[in-house]
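Spelled out from the first residue to the last, the chains are:
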Amino acid sequence: MSIMGEERIAAVAKIRRARVSVALAVVATVIAGLGGYRIGLSRERHSATAVVLTGTVTWSNEETRLIAFETDGAVRKPNEGDTIYSVLTDNWQDAAGTFRSDGTYPTCLAREGDDPVSMDHHRAELTVIDWDTGGAQWMHVAVRVRCMD
């Protein structure tokens with residue numbers, strides 16, 4: 001066999017090895033991607049389940065958007081403090097049933113006049129979630145407010 005023939009055979013073999021290497025890399029990438037996808041599906045989703053609570057707002061601060069809320073039927077322990085909720089919604093429903101999304105603070109949480117703090121006891125329905133902030137206590141978040149009076 002001539003030198004030209006041997007060089008041609010070597011070049012063809014080199015091209016085949018490169019094609020096989022590329023094909024193996026593609027297969028490995030697809031397998032790794034599918035494996036990662038399956039692992040992602042098996043992980044916990046950290047989704048929050050909302051709970052609807054009815055009760056009385058005993059304290060509210062419009063500036064901080066924090067409220068103290070006593071849930072109907074919940075029995076407090078003697079040394080247990082108020083349950084504080086952070087109001088994170090601009091959408092709320094007034095006592096007449098009208099939905100508001102104008103950025104105003106819910107009337108059942110606000111005090112009349114310039115004082116941002118209200119200690120008037122108003123009935124309300126809250127849709128809440130508990131947010132695990134990674135600390136010792138969870139943060140209670142009101143994502144919807146419906147004024148009842």
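About the thresholds
- Residues numbered from 1 in each chain as written.
- Predicted model: local features only at pLDDT ≥ 70, side-chain atom pairs only at ≥ 80, totals over all residues.
- Heavy atoms only, no water.
- Pairing = 2+ DSSP bridges.
- Helix = DSSP H or I, 4+ residues; strand = E, 2+ residues; numbered from the N terminus.
- Patch = residues over 30% accessible without salt bridge, like charges linked within 9 Å, V, L, I, M, F, W, Y side chains within 5 Å.
- Areas by Shrake-Rupley, 256 points an atom, 1.4 Å probe, with all protein chains shown as cover.
- Salt bridge = Lys/Arg side-chain N within 4 Å of Asp/Glu carboxyl O.
- pLDDT = per-residue confidence, 0-100.
- Buried < 20%, exposed > 50% of the residue type's maximum accessible area, 1.4 Å probe, protein only.
- Polar contact = N/O pair within 3.5 Å; in protein donor to acceptor, adjacent residues only side chain to side chain.
- Contact = heavy atoms within 4.5 Å.
- Phe/Tyr/Trp six-rings, centres within 6.5 Å; stacked < 30°, edge-to-face > 60°.

Engineer: Mind laying out the pairing of strand β8 (residues 139-147), listing which residues take part and the relevant values?
Structural biologist: Here strand β3 (residues 83-87) pairs with β8 via three bridges, running parallel. The residue of β8 that forms the bridge with valine 87 is alanine 142. Examined bridge by bridge, strand β7 (residues 122-131) and β8 share eight bridges and lie antiparallel to one another. Looking at β8, one finds that valine 128 is bridged to alanine 142.

Engineer: Give me the lowdown on a nonpolar patch on the surface, citing residues and values where you can.
Structural biologist: Together, Val22, Val26 and Val30 line one region of the surface with nonpolar side chains, adding up to about 260 Å² of accessible area. Relative to the helices and strands, valine 26 is located in helix α1 (residues 3-42).

Engineer: Give a description of unusual backbone geometry that names residues and reports values.
Structural biologist: The phi angle at arginine 65 is positive, at roughly 60 degrees, despite the residue not being glycine. By the element assignment, arginine 65 lies in the loop between β1 (51-61) and β2 (66-71).

Engineer: Give a description of the confidence of the model for the protein chain that names residues and reports values.
Structural biologist: Predicted coordinates in areas of low pLDDT are best not read in detail. Scored by pLDDT, the protein chain comes out at a mean of 83, with 87% of its residues at no less than 70. When the elements of the protein chain are averaged for pLDDT, α1 gives the smallest value, 72, and β1 the largest, 94.

Engineer: Any details on the side chain of serine 118? Residues and values, ideally.
Structural biologist: By secondary structure assignment, the location of serine 118 is in strand β6 (residues 117-118). Taking relative accessible area as the criterion, serine 118 reaches 2% and is therefore assigned buried. Within the structure, serine 118 has its side chain in polar contact with the backbone nitrogen of aspartate 120 (distance 3.3 Å). Every residue in contact with serine 118, bar those within four places of it in the chain, is listed here: Thr58, Trp59, Ser60, Leu109, Ala110 and Arg111.

Engineer: Please give an account of the packing of aromatic side chains that cites residues and values.
Structural biologist: What the rule picks out here adds up to one aromatic pair. On the basis of an interplanar angle of 90 degrees and a centroid distance of 5.8 Å, the ring pair of phenylalanine 69 and tyrosine 85 is categorised as edge-to-face. Linking phenylalanine 69 in strand β2 with tyrosine 85 in strand β3, this pair joins segments that are 16 residues apart in sequence. Accessibility classification places phenylalanine 69 together with tyrosine 85 in one group, the buried group.

Engineer: I'd like a description of the side chain of glutamine 93, backed by residues and values.
Structural biologist: Assignment of secondary structure puts glutamine 93 in strand β4 (residues 92-93). Separated by 3.3 Å, the side chain of glutamine 93 and the backbone oxygen of glycine 97 make a polar contact. Beyond its immediate stretch of four places on either side in the chain, glutamine 93 contacts Thr98, Phe99, Arg144, Val145, Arg146 and Cys147.

Engineer: Account for the pairing of β2, naming residues and giving values.
Structural biologist: Pairing of β1 with β2 involves six bridges; the strand directions are antiparallel. Bridge pairing links tryptophan 59 to alanine 68 in β2. If you look at the hairpin formed by β1 and β2, you'll find four residues sitting between the two strands, and arginine 65 has a positive phi there, around 60 degrees. Of the strand pairs in this sheet, β2 and β3 are connected by four bridges, and their pairing is antiparallel. Bridge pairing in β3 places phenylalanine 69 opposite threonine 83.

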